[in-house]
Amino acid sequence: MSSGSADAPLDRAYAAGLALLAGERWFEAHEAFETAWRAAAGCERDFFQGLVHVAVAWYQASRGNEVGCERQLAKALRRLGPFAPVHRGLDVAALAAQLAAARGAFPSLPSLELRVADAPAGPGG
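### Considering the environment of Ala41
Okay, so step 1: Mapped onto the elements, Ala41 comes out in the loop between α2 (26-39) and α3 (45-62).
Okay, so step 2: The class for Ala41 is partly exposed, based on a relative accessible area of 42%.
Okay, so step 3: Considering only alpha carbons, one finds Ala41 and Asp7, 34 residues apart in sequence, at a separation of 9.8 Å.

Written as structure tokens, this is what we have:
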């Protein structure tokens with residue numbers, strides 16, 4: 001995690017969001033990523049918004065909302081794409097591949113397999 005105390009709330013929200021996403025707690029993951037998004041610098045806001053869209057896509061799938069799910073997947077891909085291949089320790093390229101594979105797979109979206117390095121880096125890493 002970042003050593004700067006100003007980044008601590010963002011780093012905590014990001015780590016919580018990843019853990020909640022991995023635990024298939026879609027709504028809670030969405031909330032955590034939204035907290036990170038609010039705390040993020042402008043250059044990273046799309047990254048966190050993309051993660052919000054990922055959580056909401058799976059949430060919508062769990063509720064049987066195909067249109068909502070597909071829209072969220074498209075938004076997630078658009079927002080996360082510029083952060084590939086890796087950002088904040090997250091293998092964004094691998095996540096994007098999973099999102100692309102999930103499009104059209106409704107109602108049975110595959111389980112997410114997040115590849116995350118031990119310590120998420122801030123902007124640029």
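### Here's the deal with the packing of α2 against α3
Okay, so step 1: At their nearest, the axes of α2 and α3 sit 8 Å apart, and the two run at 165° to each other. In this view, α2 runs roughly antiparallel relative to α3, as classed from their interaxial angle. Helix-helix and strand crossings are classified by hand; for α2 and α3 the assignment is left-handed. Two secondary-structure elements touch here, α2 through Trp26, Phe27, Ala29, His30, Phe33, Glu34, Ala36, Trp37 and Arg38 and α3 through Arg45, Phe48, Gln49, Leu51, Val52, Ala55, Val56, Trp58, Tyr59 and Ser62.
Okay, so step 2: The residue inventory of the contact of α2 with α3, partitioned by class, reads 13 nonpolar, three polar and three charged.

### Concerning unusual backbone geometry
Okay, so step 1: Residues Ala84 and Pro85 are joined by a peptide bond in cis, for which omega reads 10°.
Okay, so step 2: Here Pro85 is to be found in the loop between α4 (66-80) and β1 (86-87).
Okay, so step 3: Cis geometry marks the peptide bond from Phe106 to Pro107, where omega comes out at 10°.
Okay, so step 4: Here Pro107 is to be found in the segment after α5 (92-102).
Okay, so step 5: At Glu24, a position not held by glycine, the phi torsion is positive, near 60°.
Okay, so step 6: Counting through the fold element by element, Glu24 comes out in the loop between α1 (8-22) and α2.
Okay, so step 7: With relative accessibility at 44%, the residue Glu24 sits in the partly exposed group.
Okay, so step 8: Even without being glycine, Arg88 reaches a positive phi, approximately 50°.

### Digging into the pattern of salt bridges
Okay, so step 1: As enumerated under the stated definition, the model contains seven salt bridges in all.
Okay, so step 2: Among the ionic pairs, Glu44 bridges to Arg88, the shortest N-O distance being 2.6 Å. Residue Glu44 is located in the loop between α2 and α3, and its partner Arg88 is located in the loop between β1 and β2 (90-91); the two are separated by 44 residues in the primary sequence.
Okay, so step 3: For Glu44, a relative accessible area of 2% corresponds to the buried category.
Okay, so step 4: With relative accessibility at 1%, the residue Arg88 sits in the buried group.
Okay, so step 5: Two residues, Glu70 and Arg103, come together in a salt bridge whose shortest N-O distance is 3.9 Å. Within this pair, whereas Glu70 is found in helix α4, its partner Arg103 is found in the segment after α5, the two being separated by 33 residues in sequence.
Okay, so step 6: By relative accessible area, which is 42% here, Arg103 ends up partly exposed.
Okay, so step 7: A cluster of three or more residues bridged by salt bridges with shared partners is formed by Asp11, Glu44 and Arg88.

Definitions and cut-offs
Residues numbered from 1 in each chain as written. Predicted model: local features only at pLDDT ≥ 70, side-chain atom pairs only at ≥ 80, totals over all residues. Heavy atoms only, no water. Helix = DSSP H or I, 4+ residues; strand = E, 2+ residues; numbered from the N terminus. Buried < 20%, exposed > 50% of the residue type's maximum accessible area, 1.4 Å probe, protein only. Axes fitted to C-alpha atoms, helices over the stretch in contact; angles between N-to-C directions. Parallel < 35°, antiparallel > 145°, perpendicular 65-115°, else oblique. Left-handed = near helix turned anticlockwise from the far one by under 90°. Contact = heavy atoms within 4.5 Å. Nonpolar A, V, L, I, M, F, W, Y, C, P; charged D, E, K, R; others polar. Salt bridge = Lys/Arg side-chain N within 4 Å of Asp/Glu carboxyl O.

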